[in-house]
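The residues making up each chain are set out below.
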Amino acid sequence: MARRRTKAASFPVDHNDVELIRSGHPPRWKNPEPNGPYNLVVIGAGPAGLTAAREAAALGAKVALIERGLIGGARVNVGCIPSKSLTRTARLYADMRDAESFGGDTPDHLHVDFERAMMRMRQIRQRISRADSAATLVAEGIELYFGEARFAGQDTVTVAGRTLQFRKALVATGARPALPEVPGLAEAGYLSNETLFDLTKCPQRLLVIGGGPLGCETAQAFCLLGAKVILAQREPMFLPGEERDAAQILSDALAREGVEVRLNTEVVAVRRDGGKKLADLLRDDDTTTISVDEIVTGIGRSPNVDGLGLEAAGVAYDAAGIKVDDFLKTTNSRIYAAGDVCLAYKYTHTAEASARIVVQNALFLGRKRLSELVIPWCTYTDPEIAHVGLYPAAARQNGIPVKTYTVLMHDVARAVMDGEEEGFVKIHVREGSDTILGATVVASHAGEMINAVSLAIKSGMGLQALADVIHPFPTQAQGIKMAGDAYRRTQFTSSWRQATTRWLARSRR
Amino acid sequence: MHRLPRAEPATLSDDELLDRYQRAAFGYFLDHVNPDNGLVADTSRPNSPASIAVVGFALSCYPIGVERGWMTREAAVALTLAALRFFAISPQGNGDEVTGHKGFYYHFLDMRTGLRVWRCELSMVDTALLIAGMLVASAYFCADTDEETEIRQLAEALYRRVDWRWAQGSSPTLRQGWKPKSGFLHYGWEGYNEATILYVLSMAAPDSPTSDDSYEAWTATYQWENIYGYDVLYGGPLFMHQFSHAWIDFAGIRDAFMREKDSDYFENSRRSTHLHRDYARHNPYGFDGYSENLWGLSAGDGPGGFRASVERRRHRFSGYAARGAPFGPDDGTIAPWSYPASLPFAPDICLAALRHLGDRFPEVIENFRLPSGFNPTLANRRKFGRNGWVSEGHYGLDQGIAAMMIENHRSRLVWELMRSNPHILRGLRKAGFSGGWLSEPASPAGGGDGA
């Protein structure tokens, strides 16, 4: 990789970013002239909008796609693509530090080149964005408009002085980071996931507010890149809603890597002090003040609903976003919503899945339901934490008896070979059956491993059937099969065993 | 208390060995009690405050001392009364300079004044352990003397005045703690743990019981798992499978959850004990010493908060913490008092472990009294000696659970006393327990309600 020095601290940082803009929002772009009503007008060119526009166009629909910023949305520009790219570099440094435990030789002096890590991230971001360039979309038959979209009535949208008529519209405007209400935070300055990736120097001391997925991923990555990280979480554990054992393992991993973990801790005030930022942390009755260089916060996401003229179109919304029914229809039957602007689960993959539902329902009289989706999710810390389906507590609250088959990763041969034996596979079944209700996987590659369970749930396979799926040996995904094996062993009841023993005894005669 | 002459553990019979360990554990309370107010130090370290839970264990252990001839009934009555009288007159309220609030008590108290120290929390579960000790005293001291009558009356009054309903906050489950400025602590307290006795006592309270849905709401967070081939209601640290069991014999009685799973909590503790042993055999992090006879992760003292590489593996060591298996945290620190504390559930493997400890790590044990924890992985590292890190002194909780569980294993004394207690019976039934000894006709012995 060629090394270029970049000093700029705001986007675009380097030539990769300039390329990103050139393909994602070309300067001197000329919007098309609308020519009759569209089958589908899509507002927002993030994962949901792109998926819907492409699917509809591929099926022969006349489609308009409107974007005010860069094509790609949060995912490419400020979301999981830059963050997971950076995580890879962070993991590399962690492995270098741990080289001895892998039978290697730990370098005597390990220098973290933060600029280089960020440049790699920008290169990757630019490369992935190419698939969604403006030119590509036009070539796919999509009429692409840049500008602020605004509903002018029940079936019209205006953009950059043009009025677009539609039979159906999709609002896929996404969400932006929500700022926690901490007095002084805005004045003192902070980084969100939208500005974090413009950093050119690693902050020495970093306070991360919020121990959800984003907070934990950011804290771990920056810690491994050499920052002294303090992670403050209001709740008693990280990843609220996740299983406590998963959160426990993550807590231990963060602490072991050197993140200063502050649970049950609220940041109550922030102020500037010279070049530093002082933050007051409240835990129970006690307040302590810490001094840091930067503060990162990304607690929650706020849906982008302002300025769209939703009132003019009769589309209801509140602080949680646009209101949709199970078919993703808004209160205006011509208008649908998909992705972060309306969904509780704000992930790229749910945005794309919901967009596919919209294309079916809006254009082809489909009756596909959001609630029928099997949605996995994953937090990309090390180990990763992936989940699909029901949690045991939710099942029990609904009166469903649950039993969990647990395999420890330290019993999975490949995980031991890889030095990645932290974590577990837990598959939850309805007690007395092998019907899979859900699963949680904590493992270095949990996001890859969970897919087998998602597939099983989606296709109605039971845990017994998972035991019959042959996995190449050795693989870490063997852990999934081993949960099936554990289930099968419990089926060898004493009466069954007596019967087989009798049969085998007779066979010896 | 005079020290026993040193004996070679290997030459002792099982019962002799247990007797030594039990007597040593029991001795902690006589060594560290303030006879003026009955408060007992949390640890044997200099300037340790009292812990209300340790007082609960002490009150439960005095009857054992009397029965075993380790103290006179008069001395036991005197210490019991000192504690009950102290709590009865101690200041309550939501301000400073108090001992408790709403009938609950702060976790740590000054040994002399009995006032809150360390800005600690008002503790629901520790209050429950204290009250459980009071109820043991009221069941055991059933003589028709002025002093023993006073014990029964005070125990009843102190139990009745606890405002359990308040401790639910705005939720059906009980809160873990409370502080004057911040109110209820919102610590996650989900899943099975040591709190069963808290729920039983709170539901049975005559005056301010928790709402009837509290126990069910708590058990809704339980997770039934098949781990290493055992079907268990999971609780990571072993103490979760021991503390409530020191007072209540859960063998054969079942609530709705255990009826659904066709098991009981005693059996669950047995399996969990075996699970800890299996975990130590797996020893995924490669800690020194772990084996089928050296196991037991629990809440207890630890070597301190630091990160270190041992044998090219990076570990993070902790101070006082709840360690658990198989999901951790695990820093190689063993809680050896787990063996007597799990004795009734799995006597064979616990005795084997206790003997192994005496053979392999004799210097960790001080006159049969077990430390809170030790860490052989740290042997000859940092400033630690050849046994690794060994917790300094002793913790009252560890000694109390050891003395009680050895007694339950030997004579079932505490279990039998509590079976006769009407509050415990009522609480268990309100929580939905039935079957086993709960279905048997009530025994006429004991005088729980002091009436």
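Residues numbered from 1 in each chain as written. Chains lettered and ligands numbered in written order. Predicted model: local features only at pLDDT ≥ 70, side-chain atom pairs only at ≥ 80, totals over all residues.

1. So, the overall build of chain A
Counting its secondary structure elements, chain A contains 17 helices and 23 strands. For chain A, whose C-alpha radius of gyration is 25 Å, the value lies close to the compact-globule estimate of 23 Å for 509 residues. If one aligns the C-alpha atoms of chain A with their principal axes, the spans along those axes are about 90 × 60 × 50 Å. Here chain A, with 509 residues, has 48% of them falling under the buried criterion. Relative to all contacts within chain A whose residues are 6 or more apart in sequence, the contacts with residues 24 or more apart total 66%. (Helix = DSSP H or I, 4+ residues; strand = E, 2+ residues; numbered from the N terminus. Rg over C-alpha atoms; globule rule 2.2 N^0.38 Å. Buried ≥ 20, exposed ≤ 12 C-beta atoms within 10 Å, placed from the backbone. Contact = placed C-beta atoms within 7 Å.)

2. Topic: the overall build of chain B
Along its length, chain B carries 14 helices and 15 strands. Taking 22 Å as the expected radius of gyration for a compact globule of 451 residues, we find that chain B reaches 21 Å, a close match to that expectation. With the C-alpha coordinates aligned to their principal axes, the bounding extent of chain B is approximately 60 × 50 × 45 Å. Residue pairs in contact within chain B that sit at least 24 positions apart in sequence constitute 68% of those at least 6 positions apart.

3. Examining the domain arrangement of chain A
Residue and element names in this part refer to chain A. Under the domain assignment used here, chain A contains domain 1 (15–177 + 302–372), domain 2 (185–299) and domain 3 (383–491). Centre-to-centre, using C-alpha coordinates, domain 1 lies 28 Å away from domain 2. Contact residues are listed per partner, giving 16 residues for domain 1 and 14 residues for domain 2. For the side of domain 1 that touches domain 2, the secondary structure elements donating two or more residues are helix H4 (80–97) and helix H5 (114–129). With seven residues, H4 is the largest single contributor of residues to the side of domain 1 that touches domain 2. Of the residues in the side of domain 1 that touches domain 2, the class split is twelve nonpolar, three polar and one charged. (Domains from an automatic or database assignment. Nonpolar A, V, L, I, M, F, W, Y, C, P; charged D, E, K, R; others polar.)

4. What about the sheet that holds strand E21 (residues 402–408) of chain A?
Spatially, E19(A)-E20(A)-E23(A)-E22(A)-E21(A)-E8(B)-E9(B) is the arrangement adopted by the seven strands of the open sheet, whose pairing is mixed. Two strands close off the open sheet at either side, each with one partner strand: strand E19 (376–379) of chain A together with strand E9 (230–233) of chain B. If you compare each strand with its neighbour and ignore which way they point, the axes differ by 20° on average. One ladder, built from six bridges, connects strand E22 (residues 424–430) of chain A with strand E23 (residues 436–443) of chain A; its direction is antiparallel. Its bridge partner being in E23(A), Ile427(A) is matched across the sheet by Ala439(A). Strands E19, strand E20 (384–389), E22 and E23 of chain A of the sheet are contacted by helix H14 (residues 446–459) of chain A, whose axis makes an angle of about 10° with E20(A). (Pairing = 2+ DSSP bridges. Axes fitted to C-alpha atoms, helices over the stretch in contact; angles between N-to-C directions.)

5. Details of the interface of chain A and chain B
Residue-level contacts link 33 residues of chain A with 31 residues of chain B. Of all elements in the fold, only helix H9 (244–257), helix H12 (392–397), E21 and helix H16 (478–491) of chain A reach the threshold of two or more residues within the side of chain A that touches chain B. Of all the elements, H9(A) adds the most residues to the side of chain A that touches chain B, at seven residues. Bridge count between E21(A) and strand E8 (residues 224–227) of chain B: two bridges; the pairing is parallel. Each residue of the ladder has a partner; that of Thr404(A), found in E8(B), is Glu225(B).

6. A look at the sheet that holds strand E14 (residues 294–297) of chain A
Residue and element names in this part refer to chain A. Strand order in the open sheet formed by four strands is E10-E9-E8-E14, with parallel pairing between adjacent strands. In this open sheet, the two edge strands, each paired with only one partner strand, are strand E10 (260–262) and E14. The sheet shows a mean angle of 20° between the axes of neighbouring strands, taken without regard to direction. Sheet topology note: the strand E9 (residues 228–232)/E10 ladder contains three bridges and is parallel. Bridge assignment links alanine 232 to a residue of E10, and that residue is arginine 262.

7. A word on helix H4 (residues 124–140) of chain B
Between the first and last C-alpha of H4(B) there are 24 Å, a value that for 17 residues agrees with the 24 Å anticipated at 1.5 Å per step. Burial analysis of H4(B) places 17 of its 17 residues in the buried class, the great majority of the element. (Expected span 1.5 Å × (residues − 1).)

8. Side note on the packing of helix H2 (residues 47–58) of chain A against helix H11 (residues 348–363) of chain A
Residues and elements named next belong to chain A. Two elements in contact, H2 and H11, have axes whose closest approach is 8 Å; the angle formed by their N-to-C orientations is 35°. The interaxial crossing formed by H2 with H11 has right-handed handedness. Along the contact surface, H2 presents Pro47, Ala48, Thr51, Ala52, Glu55 and Ala56, while H11 presents Thr348, Ala351, Glu352, Ser354, Ala355, Arg356, Val358, Val359 and Leu363. Each residue belonging to the contact of H2 with H11 can be placed in one class, and the counts come to nine nonpolar, three polar and three charged. (Left-handed = near helix turned anticlockwise from the far one by under 90°.)

9. Some points on the environment of Leu225(A)
Residues and elements named next belong to chain A. The topology assignment puts leucine 225 in the loop between helix H8 (213–224) and E9. Accessibility expressed as a C-beta count within 10 Å gives 23 for leucine 225, which makes it buried. Note: C-alpha distance between leucine 225 and cysteine 202 (23 residues apart in sequence) is 7.6 Å. For leucine 225, the residues in contact, after removing those within four places along its chain, are Ala90, Tyr93, Val112, Phe114, Ala117 and Cys202.

10. Things to note about H4(A)
For the α-helix, the turn length of 3.6 residues means that residues three or four positions removed from each other point alike. Compared with the 26 Å implied by 1.5 Å per residue over 18 residues, the 25 Å span of H4(A) between its first and last C-alpha is a close match. Of all the positions in H4(A), only Cys80(A), Ile81(A), Pro82(A), Leu86(A), Thr87(A), Thr89(A) and Ala90(A) are classed as buried.

11. Observations concerning the confidence of the model for chain B
As a note on interpretation, predicted positions should not be read in detail where pLDDT is low. All names here are of chain B. Per-residue confidence for chain B averages 94 on the pLDDT scale, and 96% of its residues sit at or above 70. Across residues 445–451, where pLDDT falls below 50, the model places 22 contacts with residues more than four positions away in sequence or in other chains. Scored as a whole, the predicted complex attains pTM 0.92, and scored at its interfaces, ipTM 0.91. (pLDDT = per-residue confidence, 0-100.)

12. Some thoughts on the environment of Ala52(A)
Residue and element names in this part refer to chain A. Within the secondary structure layout, alanine 52 lies in helix H2. As for alanine 52 and leucine 144, which are separated by 92 residues in sequence, their C-alpha atoms are 13 Å apart. Sequence-distant contacts of alanine 52, defined by excluding residues within four places in its chain, comprise Leu40, Val42, Leu170, Ala172, Ala338, Ala355, Val358 and Val359.

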